[in-house]
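Descriptive structure summary
Chain residues, written in single-letter form:
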Amino acid sequence: MAGEIVVSAPLRILVLADARSFHTERFVAQLRIQGCSVLLASLEPGEIECHQITRRGPMSSLHYLFAIGQVRKLIKEFAPDIVNAHFATGYGFLTSLAVGKIGPPIVLNLWGSDVLVVPQKSALHRTKLSMAINSANLVCADSGYLLDQARQYREPHQAAVIPWGIEREYLALYRPECSIGVPLRIIVPRHHESVYNNEFILRALVPLLKDGIATLTIPDWGRGIASFRKLATDLDCKGVSFYSRMKRPEFLRMMSEHDIYLSAASTDSSPVSLIEAMALGLMPIAADIPGIAEWLTPQNGLLYPPGDESRLRECIGTIREIDLSALRRESHERVRRHAIFEENIAWQIALMKKCAEKGSQQS
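Described in the following lines is the structure provided in the data block. (Residues numbered from 1 in each chain as written. Predicted model: local features only at pLDDT ≥ 70, side-chain atom pairs only at ≥ 80, totals over all residues. Heavy atoms only, no water.)

Turning our attention to the pairing of strand 2 (residues 37-42). Both strand 1 (residues 12-16) and strand 2 contribute to a ladder of five bridges, which runs parallel. Bridged to Leu 14 within strand 2 is Leu 39. Tracing the backbone out of strand 1, into helix 1 (residues 22-33) and back to the parallel element strand 2 gives a crossover that is right-handed. When strand 2 meets strand 3 (residues 51-52), the two strands line up parallel, connected through two bridges. Its bridge partner being in strand 3, Ala 41 is matched across the sheet by His 51. (Pairing = 2+ DSSP bridges. Helix = DSSP H or I, 4+ residues; strand = E, 2+ residues; numbered from the N terminus. Right-handed = clockwise from strand over helix to strand, strands pointing away.)

Pasting the structure below:
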C-alpha cells in the first residue's frame, strides 16, 4: 500500500523475562526460528544465552527499579521494534518505567500468577500490575479467564488471548487406541510449589499406591521437594518415582507413556502441561478451578472439588468404565485446532509487527 510504513525485517524484539524459565526458552527460540532478531535480557541467570541485567539492591523487589537505566541503555543500543515483557508485576513494571511514552511499543505477556496471585499481596503489587497493563500497547493472555482477571485492575489498550500450546511435531506421540495400563500410570508434571498441592495428591493416592492400583510419576525439584519426599517416606508409599529435568523431546515421550494427567493446582490459567497431556492422549483429571475451564470439561476429562481426596479417588476409579477413545480424540483435536505452538507464536509475531508499524507511524 502506498505510503505505508513497514517495519524492517527481521522484526527486532527485546524480550525481558526470567531466563531460568522453560517458557522463556521456548518463546525466544521460536521467535528466532520464525525469523525475528531477539535479544533476551534477564535479572535471573539461566542456561539460555541472554544479556545479564545486574541485580542491585538488598531485595528482589528493588532489582527492577535499579535496572531501569540498564534497560534504557539496551533499548538505545539494540534499537528494538518491540519490547516484549513477561510477567506483569516484575518485567512488565520495569518496562513501564524504562520505556515511557517515547520508546518502542510494549507487548506484555501475562503468566498467570502475576495476575491471579501476586496482586493479593499488597496495594503496591496491584499498582505495579495496573502500571504494566496501562503502559502496554498489547497485552497477551493465555486464556480468557486470565484476561478477565487482569481487566479488574486495568483495561488494556489492546488485548489478545493466545494459548501457548504444543509443538506440531509432538502430535505424532498421540496413540488413540492405547490401552490403559495395569497399574494405572499417573503423572503429575508440576514441580513442588505450594500452589500445586502435590502433597495433597500423595495423601489422596496412598490407598491406590499401596494396593498396586496406580503408580505416580512426579518431578524431583521445587521448593517443596524435601517435604514431599519426607511425606512419601512417612506414609510408606510404594510406586512413586521421581524424574529430573530433561530435554523437551525426552520429557514428552515419557509423559506420553502415562495414562492419567493429574493436577491439584489451586490457581491456574490454561496450563501448558494440561494442553500437552490432551495432545498426547492422556486422561486429564484436575481440581475444578476457573482457570482450566476453557480446556478441561466433562467432555474431555474429569474434575473434582479442590481438596476432596475421596472424590479424586472416585475419579481415578471410574477410568476403566469410560470410553476413553472418544475423550482422547476430543482432547487431541481441540489442541490441533487451537493450541499448536508454532502457529500461536506466529499469531503473536503478526500482532507485534502491527504494533511496531503503528508505533513507527506515530513516531
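Picking up where we left off.
Along the chain, Arg 151 falls in helix 7 (residues 144-151). For Arg 151 and Ser 130, which are 21 residues apart along the polypeptide, the C-alpha to C-alpha distance reads 9.1 Å. Residues contacting Arg 151, with those up to four places away along its chain left out, are Pro 156 and Ala 159. (Contact = heavy atoms within 4.5 Å.)

This part covers the packing of helix 4 (residues 87-99) against helix 6 (residues 123-135). Each pair of packed helices can be described by the angle between their axes along with the distance between the axes. Contact geometry of helix 4 with helix 6 gives a least axis separation of 8 Å together with a crossing angle of 55 degrees. Here helix 6 runs oblique to helix 4, going by the angle between their axes. When you trace helix 4 past helix 6, the crossing you get is left-handed. Two secondary-structure elements touch here, helix 4 through Ala 88, Thr 89, Gly 92, Phe 93, Ser 96 and Leu 97 and helix 6 through His 125, Lys 128, Leu 129, Met 131, Ala 132 and Ser 135. Each residue belonging to the contact of helix 4 with helix 6 can be placed in one class, and the counts come to six nonpolar, five polar and one charged. (Axes fitted to C-alpha atoms, helices over the stretch in contact; angles between N-to-C directions. Parallel < 35°, antiparallel > 145°, perpendicular 65-115°, else oblique. Left-handed = near helix turned anticlockwise from the far one by under 90°. Nonpolar A, V, L, I, M, F, W, Y, C, P; charged D, E, K, R; others polar.)

By the definition in use, this model includes zero disulfides. A disulfide-free cysteine, Cys 140 has its sulfur positioned 8.1 Å from the sulfur of Cys 355, the nearest such atom. Between Cys 315, a free cysteine, and Cys 237, which holds the nearest cysteine sulfur, the sulfur-to-sulfur gap is 20 Å. By relative accessible area, which is 9% here, Cys 315 ends up buried. (Disulfide = S-S within 2.5 Å. Buried < 20%, exposed > 50% of the residue type's maximum accessible area, 1.4 Å probe, protein only.)

Oppositely charged side chains are able to pair whenever their charged atoms sit close together. In this structure the tally under the stated criterion is 15 salt bridges. Of the charged contacts in the structure, one is a salt bridge between Arg 20 and Asp 18, with a shortest N-O distance of 2.9 Å. By relative accessible area, which is 19% here, Asp 18 ends up buried. Between Arg 151 and Asp 148 there is a salt bridge, with its nearest N and O atoms 3.7 Å apart. In this pair, Arg 151 and Asp 148 are both assigned in helix 7, three residues apart and thus about one turn of the helix distant. Overall, the relative accessible area of 44% leaves Asp 148 in the partly exposed class. (Salt bridge = Lys/Arg side-chain N within 4 Å of Asp/Glu carboxyl O.)

Okay, the packing of helix 10 (residues 248-256) against helix 11 (residues 272-280) next. Following both chains from N to C, one finds helix 10 and helix 11 inclined at 60 degrees, their axes separated by 10 Å at the closest point. When the axes of helix 10 and helix 11 are compared, the pair comes out oblique. You can see that helix 10 and helix 11 cross each other, and the crossing is right-handed. Residues Arg 248, Phe 251, Leu 252, Met 255 and Ser 256 of helix 10 touch helix 11, and the partners they reach there are Ser 273, Glu 276, Ala 277 and Leu 280. In terms of residue class, the contact of helix 10 with helix 11 is built from five nonpolar, two polar and two charged.

Turning to the packing of aromatic side chains, a few remarks are in order. Scanning the entire structure with this criterion turns up seven aromatic pairs. Residues Phe 228 and Phe 242 carry aromatic rings whose centres are separated by 6.0 Å and whose planes lie at 90 degrees to one another, so their mutual orientation is edge-to-face. Taken together, the residues Phe 228 in helix 9 (residues 225-234) and Phe 242 in strand 10 (residues 240-243) connect sequence positions 14 residues apart. A ring pair is formed by Tyr 243 and Phe 251, whose centres lie 5.9 Å apart and whose planes are at 35 degrees; its orientation type is tilted. The same class applies to Tyr 243 and to Phe 251, which are both buried. Ring-pair connections join several aromatic residues into one group, and the members of that group are Phe 27, Trp 164 and Phe 341. Over the ring of Phe 242 we find Arg 229; its NZ or CZ atom is 4.0 Å from the centre of that ring. We note Arg 334 situated over the ring of Trp 295; from NZ or CZ to the ring centre the distance is 5.1 Å. (Phe/Tyr/Trp six-rings, centres within 6.5 Å; stacked < 30°, edge-to-face > 60°. Lys NZ or Arg CZ within 6 Å of the ring centre and 35° of its normal.)

On to the sheet that holds strand 4 (residues 82-86), then. Reading across from one edge, 3-2-1-4-5-6-7 is the order of the seven strands in this open sheet, with parallel pairing throughout. Strand pairing shows two members of the sheet lacking a second neighbour, strand 3 and strand 7 (159-161), which therefore form its edges. By the bridge criterion, four bridges tie strand 1 to strand 4 in an arrangement that is parallel. Each residue of the ladder has a partner; that of Val 15, found in strand 4, is Asn 84. Packing against the sheet, helix 1 makes contact with strand 1, strand 2 and strand 4, and its axis sits at approximately 160 degrees to strand 2.

This part covers the sheet that holds strand 11 (residues 260-263). One open sheet accounts for six strands, arranged 10-9-8-11-12-13; its pairing is parallel. Of all the strands in the sheet, the pair left with one neighbour each is strand 10 and strand 13 (302-304). Between one strand axis and the next, the sheet turns through 25 degrees on average, direction left out of account. In this structure, strand 8 (residues 184-187) lies alongside strand 9 (residues 214-219), joined through four bridges in parallel fashion. Within the sheet, the bridge partner assigned to Ile 187 lies in strand 9 and is Thr 217. Strands strand 8, strand 9, strand 10, strand 11 and strand 13 of the sheet are contacted by helix 8 (residues 198-210), whose axis makes an angle of about 160 degrees with strand 9.

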